[in-house]
Amino acid sequence: MSDKMTLYDELRTALHGLDADLIENEPLKEHCTFKIGGSAEVFLCPKSEKALIKALEVVSRRGDKLTVLGSGSNVLISDKGISGLTVKLTGGLTDIIYLGDGVIGCSAGVPLSRLCTFALDKELAGLEFAYGIPGSVGGAVYMNAGAYGGEMKDVLLSVRSVSKDGTGLSETPASEMDISYRKTPFMTNGRIVTAAYFQLKPGKREDILGRMTELMNKRKASQPLDYPSAGSTFKRPENGYAAAHIDECGLKGLSHGGARVSEKHAGFIINTGNAASDDVLSLINEVKAVVLEKHGVELTPEVEYLSD
């Protein structure tokens, strides 16, 4: 079948009767916070685990390339686009439920901000640090996102995931995973996060809301939220902070095409309106080279580059 049918046609047949959005040649710059990128050969937003698994089975059998996005908040997508199937979980897997005893169950496509406000409504504390972090629950779990002294691993109870071939759907306790700063097993084991469970603690609504508001105000005051970006461009190095090294090297405002090191926060590379993916890559490489030469510190990009 796969020799005679296109990937799109085979997926359309396999997903018949299942709730999913399937599109050919979808512009990916509309699905990432950097607002940069070419088109996906085939784009899928599954509305259930069953639809996701069915699509994964088709792609695995055919041997096509598979790319998985959350909300696209920590990625740079090539202007040449991505072949094969690009799956976006945000907008599809959106269930969230309170299970009692401080435990919230949440599908991978739920925006992190929605999880935080849901916890607030239940008067559960522990996720305040995550309020304002752009991205989905699945993406945050995938990379162990964090801010202001908190990380996802601090509140993560377990994770539901599936292999990229659509098999082995299972739930794994967080205590059995090796999770550290911006590092989880999902970054290397090829499994896709479909849901996560969080253990939170009872708190007073006014205290939780106050902390969330405080941290959001800090973000607005210090980060270039009025420009498209992928968040912090570099991971925290062993010595000091990436933004401090970049600032001290006099690199604020440095530009390549439409990409620029933010004058407001040196740790952010922003899209001033017409940046190409190559502009961003060139700027990242120049910043790395200057910081290494002047400070002897090797910066590692936190942003993931997606291309063929």
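For clarity, every value in this text was computed on a predicted model and none was experimentally measured.

Rules and cut-offs
- Residues numbered from 1 in each chain as written.
- Predicted model: local features only at pLDDT ≥ 70, side-chain atom pairs only at ≥ 80, totals over all residues.
- Heavy atoms only, no water.
- Core = buried A, V, L, I, M, F, W, Y, C linked by side-chain atoms within 4.5 Å.
- Buried < 20%, exposed > 50% of the residue type's maximum accessible area, 1.4 Å probe, protein only.
- Helix = DSSP H or I, 4+ residues; strand = E, 2+ residues; numbered from the N terminus.
- Salt bridge = Lys/Arg side-chain N within 4 Å of Asp/Glu carboxyl O.
- Expected span 1.5 Å × (residues − 1).
- Contact = heavy atoms within 4.5 Å.

(A) Region of interest: the nonpolar core. If you look at the biggest cluster of nonpolar residues, it comprises 57 residues, and the most contacted ones within it are Leu11, Leu85, Leu115, Leu127, Val137, Val141 and Phe198. Sorting elements by how many residues they give to this core places helix α2 (residues 49–62) first, with seven residues.

(B) Quick peek at the pattern of salt bridges. Across all of its chains, the model carries 15 salt bridges by this definition. In this structure, glutamate 10 engages arginine 62 in a salt bridge whose closest nitrogen and oxygen atoms are separated by 3.1 Å. Of the two residues, glutamate 10 is situated in helix α1 (residues 7–14) and arginine 62 in helix α2; the sequence distance between them amounts to 52 residues. Since its relative accessible area comes to 22%, arginine 62 is described here as partly exposed. Salt bridges sharing common partners tie together Glu10, Arg61, Arg62 and Asp64.

(C) Layout of α2. Taking 1.5 Å of rise per residue, the 14 residues of α2 would be expected to cover 20 Å, and the 20 Å separating its terminal C-alpha atoms lies within 8% of that figure. For α2, the complete set of buried residues consists of Glu49, Ala51, Leu52, Ile53, Ala55, Leu56, Val58 and Val59. At the exit of α2 stands glycine 63, carrying a positive phi of roughly 85 degrees.

(D) Looking closely at the side chain of threonine 184. Tracing the sequence through the fold places threonine 184 in the loop between β12 (170–173) and β13 (191–199). The exposure class assigned to threonine 184 is buried, which follows from its relative accessible area of 4%. If we ignore the near neighbours within four places in the chain, the residues touching threonine 184 are Val141, Tyr142, Met143, Asn144, Asp178 and Ile179.

(E) View of unusual backbone geometry. The phi angle at aspartate 101 is positive, at roughly 55 degrees, despite the residue not being glycine. Its place among the elements puts aspartate 101 in the loop between β6 (96–100) and β7 (103–107). Taking relative accessible area as the criterion, aspartate 101 reaches 72% and is therefore assigned exposed. One non-glycine residue, tyrosine 148, adopts positive backbone phi at about 50 degrees. Examined against the element boundaries, tyrosine 148 turns out to sit in the loop between β9 (146–147) and β10 (150–151).

(F) Summary view of helix α3 (residues 112–121). Here α3 has its buried residues at Leu112, Leu115, Cys116, Phe118, Ala119 and Leu120. On its buried face, α3 sits against β6, β7, β8 (124–125), α4 (137–143), β13 and α5 (205–222). At the exit of α3 stands glutamate 123, carrying a positive phi of roughly 55 degrees.

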